[in-house]
Amino acid sequence: MDTLEAIARRRAIRQFDPNHHMEEPEIEQLLSLTILSPTAFNLQNWRFVVIRDSELRRKIRAVAWNQAQVTDASLFVVLCADLKAWEKEPARYWPSAPEDLRAMILTTMDQYYNGNSMAQRDEAMRSCGMAAQTLMLAAASLGYDSCPISGFDFKAVGELINLPEDHVIVMSVAIGKGTQDAVPRSGQLPLAEVAIDNRF
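Everything numeric here is computed off the predicted structure, so don't read it as measured data.

Conventions and cut-offs
Residues numbered from 1 in each chain as written. Predicted model: local features only at pLDDT ≥ 70, side-chain atom pairs only at ≥ 80, totals over all residues. Heavy atoms only, no water. Helix = DSSP H or I, 4+ residues; strand = E, 2+ residues; numbered from the N terminus. Buried < 20%, exposed > 50% of the residue type's maximum accessible area, 1.4 Å probe, protein only. Contact = heavy atoms within 4.5 Å. Areas by Shrake-Rupley, 256 points an atom, 1.4 Å probe, with all protein chains shown as cover. Expected span 1.5 Å × (residues − 1). Patch = residues over 30% accessible without salt bridge, like charges linked within 9 Å, V, L, I, M, F, W, Y side chains within 5 Å. Salt bridge = Lys/Arg side-chain N within 4 Å of Asp/Glu carboxyl O. Disulfide = S-S within 2.5 Å.

Further remarks concern the overall build of the protein chain. Regarding its fold elements, the protein chain presents eight helices and four strands. Mapped from its N terminus to its C terminus, the protein chain presents α and β elements in the order α-α-β-α-α-β-α-α-β-α-β-α. Reported as C-alpha extents along the three principal axes, the dimensions of the protein chain are approximately 55 × 45 × 30 Å. Here the protein chain holds 200 residues, and the buried ones make up 38% of them. In the protein chain, of all internal contacts separated by at least 6 residues, the share reaching a separation of at least 24 is 80%. Total accessible area on the protein chain is roughly 11,600 Å²; 53% of this is exposed by carbon and sulfur atoms.

The next subject is helix α5 (residues 99-113). For α5, with 15 residues, the first-to-last C-alpha span of 21 Å sits near the 21 Å given by 1.5 Å per residue. Where α5 ends, the next residue or the one after it, glycine 115, has phi of about 75 degrees, a positive value.

Of note, glutamate 89 is a non-glycine position whose phi angle comes to about 50 degrees, a positive value. Inspection of the secondary structure puts glutamate 89 in the loop between β2 (75-82) and α5. Positive phi is not limited to glycine here, since asparagine 198 has a value of about 70 degrees. Within the secondary structure layout, asparagine 198 lies in the segment after α8 (191-194).

Before going further, it helps to spend a moment on a nonpolar patch on the surface. There is a patch of nonpolar side chains on the surface, built from Leu189, Leu191 and Val194 and spanning about 320 Å² of accessible area. Look at valine 194 and you get partly exposed, because its relative accessible area is 48%.

For the rest of this paragraph, the subject is the state of the cysteines. Applying the stated rule across the entire model yields zero disulfides. Just so you know, cysteine 128 is unpaired, no disulfide at all, and the nearest cysteine sulfur is the one on cysteine 80, 7.2 Å from it. The buried category is assigned to cysteine 128, whose relative accessible area is 0%. The thiol sulfur of cysteine 147 is not disulfide-bonded, and the nearest other cysteine sulfur, from cysteine 128, lies at 17 Å. Overall, cysteine 147 belongs to the buried group, its relative accessible area being 1%.

Inspection of every chain in the model, using the stated rule, returns eight salt bridges. When the shortest N-O distance is used, the salt bridge between arginine 52 and glutamate 24 registers 3.1 Å. Of the two residues, arginine 52 sits in the loop between β1 (46-50) and α3 (54-62) while glutamate 24 sits in helix α2 (residues 24-34), which places them 28 residues apart along the sequence. Exposure remark for glutamate 24: the relative accessible area of 41% places this residue in the partly exposed category. Within the structure, one salt-bridge network assembled from shared partners comprises Asp82, Lys88 and Asp166.

Here it is, written out as structure tokens:
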């Protein structure tokens with residue numbers, strides 16, 4: 001499936017075949033494509049918690065408004081971000097860059113994030129949002145359905161997955177074989193209303 005078709009085809013599917021099993025090479029391919037998503041300064045601050053344990057999935061479902069896709073999807077991923085990735089051996093994000101370029105990037109990164117918790121959190125949201133879309137489009141390209149989920153108790157899920165204090169949960173994504181078609185699109189706003197030339 002080409003990219004344009006995957007974009008048009010991707011819909012939020014909430015009913016999955018609980019008996020479908022995704023093979024490990026498919027999961028690895030999906031995640032390998034997802035980590036090609038862009039991040040500022042090449043921080044790669046996303047962390048993908050793949051929930052494989054069925055009992056843990058049941059516990060997450062219990063704090064996610066009992067949404068069936070949490071347990072029924074073939075793959076369930078909680079997208080988190082390390083808010084302090086910018087200060088954890090940051091040179092490792094640029095191992096092949098010339099020394100002068102790497103030094104300039106590291107200085108700029110420190111100036112941007114140091115003491116700026118809002119920038120750290122905003123970057124986490126941007127990075128994980130782009131990664132989630134990449135994950136869902138890759139899934140569509142491989143013939144899978146997906147559903148982004150933010151309807152859950154973030155604090156409770158954080159406790160269940162032992163979320164480190166310097167990380168945040170951004171959202172989760174369920175992927176698998178849908179058993180029902182998505183409801184018809186309810187309607188997009190006119191392009192002229194949402195695409196603005198130059199200024200509001």
